Amino acid sequence: MNRPRPTKQSIIDRLINKPGLRARINANCVSCIYDQAAPGSWRKQVTQCTVDSCPLFDIRPVSFSAKDSTGSKPLESGQRGEIRPQKLGILA
Ligand code: SF4
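Residues take numbers from 1 onward in each chain, read along the sequence in its written order. Local features in a predicted model are, by the rule used here, given only for residues with pLDDT of at least 70; side-chain atom pairs are given and counted only at 80 or more, and totals for whole chains, interfaces and linings are based on all residues.

**Q** Help me out: how do you make sense of the overall build of the protein chain in this one?
**A** Within the protein chain one finds 5 helices and 0 strands. Runs of H or I in DSSP of at least four residues are treated as helices and runs of E of at least two as strands, each being numbered from the N terminus. Listed N to C, the secondary structure of the protein chain is α-α-α-α-α in terms of helices and strands. Looking at the protein chain alone, contacts between residues at least 24 apart form 33% of all its contacts between residues at least 6 apart. Throughout, a pair of residues is in contact if the C-beta atoms placed from their backbones lie within 7 Å.

**Q** How do you make sense of the site of the ligand when you look at a structure like this?
**A** Near residues are defined by distance alone, with the backbone-placed C-beta atom required to lie within 6 Å of the molecule or strand. Around the ligand, the surrounding shell consists of N28, C29, C32, I33, V46, C49, V51, C54, L56, F57 and R60. Sort the elements by how many residues they give to the shell around the ligand and helix α2 (residues 21-33) lands first, with 4 residues. Here the nonpolar group is Ala, Val, Leu, Ile, Met, Phe, Trp, Tyr, Cys and Pro; Asp, Glu, Lys and Arg are the charged ones; every other residue, Gly included, is treated as polar. Residues of the shell around the ligand, tallied by class, amount to 9 nonpolar, 1 polar and 1 charged.

**Q** Would you mind going over α2 with me for this structure?
**A** Helical geometry: 3.6 residues make up each α-helical turn, so side chains three or four residues apart lie on a common side. In a helix, the anticipated span is given by 1.5 Å times the number of residues less one. The terminal C-alpha atoms of α2 lie 18 Å apart, and with 13 residues this matches the ideal 18 Å at 1.5 Å per residue to within 8%. The burial criterion counts other C-beta atoms lying within 10 Å of a residue's C-beta, which is placed from the backbone; the residue is buried at 20 or more, exposed at 12 or fewer, and partly exposed between these limits. Taken as a whole, α2 has its buried residues at N26, A27, C29 and V30. Within α2, the buried residues cover an arc of 160° as seen down the axis, which keeps them to one side. By arc we mean the arc of the directions from the helix axis to the C-beta atoms, nothing more.

**Q** I would appreciate a short explanation of the nonpolar core in the present structure.
**A** General note: in soluble globular proteins, nonpolar side chains tend to be found buried as a group. Listed in full, the 8 residues of the largest apolar core are I11, L15, A27, C29, V30, Y34, W42 and V46. Mapped onto this core, the elements with two or more residues apiece are α1 (8-16), α2 and α3 (42-47). Looking at which element gives the most residues to this core, the answer is α2, with 3 residues. For V46, the contacting residues outside a window of four places in its chain are C29, V30, I33, R60 and P61. One nonpolar core equals one set of buried Ala, Val, Leu, Ile, Met, Phe, Trp, Tyr and Cys residues connected by C-beta atoms within 7 Å.

**Q** I keep staring at the environment of D35 and nothing clicks. Help me out?
**A** Position of D35 among the secondary structure elements: in the loop between α2 and α3. Under the C-beta neighbour-count criterion, D35 is labelled exposed, with 10 such atoms within 10 Å.

**Q** Please explain the packing of α1 against α2 as it appears in this structure.
**A** When two helices pack together, you describe them by how their axes are tilted relative to each other and by the distance separating the axes. In the contact formed by α1 and α2, the axes pass within 8 Å of each other and the chain directions differ by 170°. As summarised for this structure, α1 and α2 are arranged roughly antiparallel, according to the angle between their axes. Contact residues: α1 offers K8, I11, I12, L15 and I16, while α2 offers A23, R24, N26, A27, V30 and S31. Axes here mean lines fitted to C-alpha atoms, for a helix over just the part in contact, with angles spanning 0 to 180 degrees between N-to-C directions. An angle below 35 degrees is treated as roughly parallel, one above 145 as roughly antiparallel, one from 65 to 115 as roughly perpendicular, and anything else as oblique.

As structure tokens, this is what we get:
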């Protein structure tokens, strides 16, 4: 029996209750692209985002299985969730 898919709002609510910028970025991408009726998890759908002009594109959450095919660099162990301020344009 399949579990019901989480709603977009429930995913966003769960993410924004986590601390840190990573959770906020993830929530933003879910808000932007996730379609509950479309195939794939929210992370897989965000992985498939093609809007490379988006400021968050390079730091969007990407599924581990798809990192090579998206051209995104795999994160090192312990690096997950790390966001360099330079990437966000906060620091020069
Ligand atoms: S990276 Fe893609 S999914 Fe995330 S906010 Fe930008 S356009 Fe939306």
